[in-house]
Amino acid sequence: MNGSRTLREPERLIFERSSQGRVGYQLPALEVPPVDPSATLPAALLRGEIEGMPEVSEVDVVRHFTRLSKWNYSVDEGLYPLGSCTMKYNPRINEELARLAGIAQLHPLQPEDQVQGALALMWELEQALVAVTGMPKVTLQPAAGAHGELAGMLMIRKALMDRGEHRKLVLIPDSAHGTNPASAVFAGFETVEIASTAQGTLDLAVLARHLDGGDVAALMVTVPNTLGVFEPEIVKTAGLLHEKGAYLYMDGANLNSFVGIAYPGKMGADALHINLHKTFSTPHGGGGPGAGPVAVSQALVSYLPVPTVEKVGGRYTLSYDRPKSIGKVRGFYGNFGMLVRALAYIRSLGRDGLKSMSEGAVLNANYIRKRLEGDYHLQYDGPSLHEVVFDDTFQAASGVKNVDIAKRLLDYGFHPPTMSFPLIVHGALMIEPTESDGIDELDAFIAAMKTIAVEAKENPELVKGAPYTTPVARLDEVRAARQPVLRWQRTKS
Ligand SMILES: *Cc1c(COP(=O)(O)O)cnc(C)c1O
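Every value quoted in this text rests on a predicted model; they were computed, and no experiment measured them.

Draft legend 1. Highlighting helix H5 (residues 145-162). Its 18 residues place the ends of H5 26 Å apart at the C-alpha level, agreeing with the 26 Å of an ideal helix rising 1.5 Å per residue. Listed in full, the buried residues belonging to H5 are Gly145, Gly148, Glu149, Ala151, Gly152, Met153, Met155, Ile156, Ala159 and Leu160. With its phi angle positive at about 75°, glycine 164 sits one or two positions after the end of H5.

In structure tokens:
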């Protein structure tokens, strides 16, 4: 677990292991005269000696990186309850399929006739996402959720321009993910934050007041929101927006909670991104790769990015025939490997499997919620779906904060939940177990959380000093951010 600490000295950098003359492998002596590279290549393209390359043996390299790899925590190791991130197990069959030679070795510049299978795969994934969302058309291009948001907001801007309108404002609830305002601003809008109700949902009176100004382009709303709470008046909300000529952008990052149960198309969404790397189990973490397809309503179909995948008379083709398109948002086919994995996941679960996936995610979150609600405070105690947001209010008396609880969880062998998000919950601990885990793992996590709640009361210093079992203990996170040391430098001797 987590590379438990031993009396061994801490792992040094590979550079610091260097010992002059030690080598991993050496080529046999040349049997032909050496060629001087500068005789054939321009000097500007030649690389000199790399200074400071570590001199290490093969076993040094293997052991160094194997030890480092054991410091990782992954969804293959245990529960990964990082809320909003939907850290699901990626079934191995997805990897098998993405690695098939006919798929993995395609070249993005191959002519359409040679990649009919790849185009068919994309077309089928689009059809599946149309079925899941209940919306008429989908683009697979965007490379992440945030990228999908940008594509969606650009389509909304283009549609408004087409109507000769220059609306500036995008309304965003205070519970929103930070990418929402960032994407709106990138697309050229100004954002207005709107306060949630005491139940953590949209305040329709506030919304209506803003809409009366006539300058609102869209509302960006996450359904269910980042508190795991479903917006009960989403249909009415869409109606209010449409009545005033504004659009509904739906952040679909939490789609894992309602596949096969509810349909954004029926809720009135105009654009919705889907994080394939969340709901459809493709791997994520460390910044990518991901895929953030966007589904749009009829009102935005003309503005979809080109090319779109079309099926014409049994043949698949990439069509650029979309005069009002916002253009390309990603090169070639998008993150094709992610599309393969997502389709594999969708096909292996099927309609019923996808529905029980969402039911399992909601059940797991509510099981954790019920078992821990006496130990950790809930600011919003209405019904929630796939995630539950506790906070550190009960621990405040002993000075234990959410970060201490998260660090102590490391000692018990779990990845911590998301912390301090959503911003409207002070000291938040946002837990999203997903459906990937069974009751044994959930119970083990709950037991650890309960033990920490007791420790926080009886021995707060213990919790505040955690973690004790990891290769490094508490880091100075502020200093790490302000004075990052990103590359090794030889210390002058
Ligand atoms: C993850 C997430 C996003 C951003 O998606 P990326 O794929 O990480 O760009 C946006 N909104 C919510 C609610 C999310 O959870």
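Draft legend 2. Focus on the sheet that holds strand S12 (residues 418-419). Spatially, S10-S11-S13-S12 is the arrangement adopted by the 4 strands of the open sheet, whose pairing is antiparallel. Since the sheet does not close on itself, it has two edges, and those belong to strand S10 (377-378) and S12, each with one partner. Contacting S10, strand S11 (388-391) and strand S13 (428-431), helix H11 (residues 336-372) crosses the sheet at an angle of about 25° to S11.

Draft legend 3. Spotlight on the pattern of salt bridges. The full count for this structure, using the stated rule, is 26 salt bridges. Note that glutamate 95 is salt-bridged to arginine 341, the shortest N-O span being 2.7 Å. Of this pair, glutamate 95 sits in helix H2 (residues 92-98) while arginine 341 sits in helix H11, and the two are 246 residues apart along the sequence. The pair formed by glutamate 95 and arginine 341 is uniform in burial state, with each residue classed as buried. Note that aspartate 113 and arginine 315 form a salt bridge whose closest N and O atoms lie 2.8 Å from each other. Of this pair, aspartate 113 sits in the loop between helix H3 (101-104) and helix H4 (116-133) while arginine 315 sits in strand S9 (residues 315-319), placing them 202 residues apart in sequence. Given the relative accessible area of 56%, aspartate 113 is considered exposed.

Draft legend 4. Representation of the nonpolar core within the structure. Core analysis: the biggest nonpolar cluster contains 58 residues, and Leu125, Leu129, Leu219, Leu276 and Phe280 have the highest contact counts within it. Secondary structure elements with two or more residues in this core: H4, strand S3 (190-194), helix H7 (204-212), strand S4 (216-222), helix H8 (234-243), strand S5 (247-251), S9 and H11. Looking at this core, the element that brings in the most residues is H11, giving 10 residues. Beyond its immediate stretch of four places on either side in the chain, leucine 125 contacts Leu140, Leu276, Leu339, Ala342, Leu343 and Ile346.

Basis of the calculations
Residues numbered from 1 in each chain as written. Predicted model: local features only at pLDDT ≥ 70, side-chain atom pairs only at ≥ 80, totals over all residues. Heavy atoms only, no water. Helix = DSSP H or I, 4+ residues; strand = E, 2+ residues; numbered from the N terminus. Expected span 1.5 Å × (residues − 1). Buried < 20%, exposed > 50% of the residue type's maximum accessible area, 1.4 Å probe, protein only. Pairing = 2+ DSSP bridges. Contact = heavy atoms within 4.5 Å. Axes fitted to C-alpha atoms, helices over the stretch in contact; angles between N-to-C directions. Salt bridge = Lys/Arg side-chain N within 4 Å of Asp/Glu carboxyl O. Core = buried A, V, L, I, M, F, W, Y, C linked by side-chain atoms within 4.5 Å.

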